[in-house]
Amino acid sequence: MDLIAVLLIAAVVWCALAVRAAIMLLAEPGRKVESSGDSLATELGNAGDAASDVPLVGGLLSKPLESAADASTGFADAGESLQQAVSHVATLTTTVLIVVPVAFVLLLWLPPRLRWIRRSKTVRRLVDAPGGVDLLALRALTGPPGDLAALPVPPGGLADAWRRGDQLVIADLCKVALRRAGLRP
């Protein structure tokens, strides 16, 4: 069960990151617009500088080129805004795609796991307590009989051997109780 929970969480994270990568592909036009806008602004700025060197009409020629360069900077800013918007959408989507399924898996897996941990601690403490092995053997005797079928039956039966204090039978019954609790004997 633990392995399944870990594998589900890993699969969810992998899928969410794949979705993020796919969404981030939508930012590529924004990068191209930003790059083109920056290049255009640089070239128009250079043309405006060159036009300002023309005698008599240089000032008149450079103003429209400088205005166009400023407008091209606006295109670059729009491309950058598009990239930021796509990045925010990708981050939000990735967060939701990870948090919701992981929370669902943890809500289904964690409570039973914590109960098992609590029970196994109790059983381990019982094994170490005086008379605890006898109690676990009794627990095995009172549980489902299918688990007892694999044990060798002494003369008089398992219950009689337990009442007499037969240490081999008690140890075997204790192992059955530990296995039922999900613990290694």
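This text gives an overview of the structure that appears in the document. (Residues numbered from 1 in each chain as written. Predicted model: local features only at pLDDT ≥ 70, side-chain atom pairs only at ≥ 80, totals over all residues. Heavy atoms only, no water.)

## A word on the overall build of the chain
Counting its regular elements, the chain contains six helices and zero strands. Each helix (α) and strand (β) of the chain, taken in turn from the N terminus, gives the series α-α-α-α-α-α. Taking 2.2 N^0.38 as the reference for a compact globule, 185 residues should give roughly 16 Å; the C-alpha atoms of the chain span a radius of gyration of 37 Å, well beyond that estimate. Its C-alpha atoms give the chain principal-axis dimensions of about 125 × 30 × 20 Å. Taking all 185 residues of the chain together, the buried fraction comes to 24%. (Helix = DSSP H or I, 4+ residues; strand = E, 2+ residues; numbered from the N terminus. Rg over C-alpha atoms; globule rule 2.2 N^0.38 Å. Buried < 20%, exposed > 50% of the residue type's maximum accessible area, 1.4 Å probe, protein only.)

## Overview of the pattern of salt bridges
Tallied over the entire structure, the rule returns four salt bridges. Put simply, R113 and D2 hold a salt bridge, and the shortest N to O gap is 2.9 Å. Here the residue R113 occupies a position in helix α3 (residues 58-128), and D2 occupies one in helix α1 (residues 2-24), the gap between them amounting to 111 residues. Here D2 falls in the partly exposed class, since its relative accessible area comes to 29%. With a shortest N-O distance of 3.1 Å, D160 and R164 are connected by a salt bridge. Here D160 and its partner R164 are both found in helix α5 (residues 158-164), four residues apart, which amounts to about one turn of the helix. The exposure class of D160 is partly exposed, given its relative accessible area of 24%. Classification of R164 as exposed rests on a relative accessible area of 51%. (Salt bridge = Lys/Arg side-chain N within 4 Å of Asp/Glu carboxyl O.)

## Digging into the nonpolar core
Ranked by size, the top nonpolar core spans 16 residues in total, and within it L136, A140, L148, L151, L158, L173 and L178 carry the most contacts. For this core, the elements supplying multiple residues, two or more each, are α4 (132-142), α5 and α6 (167-180). When residues of this core are assigned to their parent elements, the largest contribution, seven residues, is made by α6. Every residue in contact with A140, bar those within four places of it in the chain, is listed here: L148, L173, V176, A177 and R180. (Core = buried A, V, L, I, M, F, W, Y, C linked by side-chain atoms within 4.5 Å. Contact = heavy atoms within 4.5 Å.)

## Section: a negative patch on the surface
There is a patch of like negative charges on the surface, built from D49, D53, E66 and D70. As for its placement among the helices and strands, D49 is situated in helix α2 (residues 28-52). (Patch = residues over 30% accessible without salt bridge, like charges linked within 9 Å, V, L, I, M, F, W, Y side chains within 5 Å. Areas by Shrake-Rupley, 256 points an atom, 1.4 Å probe, with all protein chains shown as cover. Lys, Arg positive; Asp, Glu negative; His and termini not counted. Charge placed at Lys NZ, Arg CZ, Asp CG, Glu CD.)

## Focus on a nonpolar patch on the surface
A cluster of nonpolar side chains, L106, L110, L114 and I117, forms an exposed patch at the surface whose accessible area comes to about 280 Å². Note on placement: L110 falls in helix α3.

## Digging into the packing of α4 against α6
Put simply, α4 and α6 touch, their axes get as near as 7 Å, and they point 70 degrees apart. Comparing their axes, α6 and α4 come out roughly perpendicular. Contacts between α4 and α6 involve V133, D134, L136, A137, R139, A140 and L141 on the former and, on the latter, I170, L173, C174, V176, A177, L178 and R180. In terms of residue class, the contact of α4 with α6 is built from eleven nonpolar, no polar and three charged. (Axes fitted to C-alpha atoms, helices over the stretch in contact; angles between N-to-C directions. Parallel < 35°, antiparallel > 145°, perpendicular 65-115°, else oblique. Nonpolar A, V, L, I, M, F, W, Y, C, P; charged D, E, K, R; others polar.)

## Side note on the environment of V19
Tracing the sequence through the fold places V19 in helix α1. When its relative accessible area of 31% is taken as the criterion, V19 is described as partly exposed. A sequence separation of 74 residues divides V19 from T93, and the C-alpha atoms of the two residues are 8.1 Å apart. In this structure, V19 is in contact with T93 and L97, ignoring residues within four places of it in sequence.

## Some words on the side chain of Q83
Relative to the helices and strands, Q83 is located in helix α3. With relative accessibility at 16%, the residue Q83 sits in the buried group. Setting aside anything within four residues of it in sequence, one finds Q83 in contact with A27, G30, R31 and E34.

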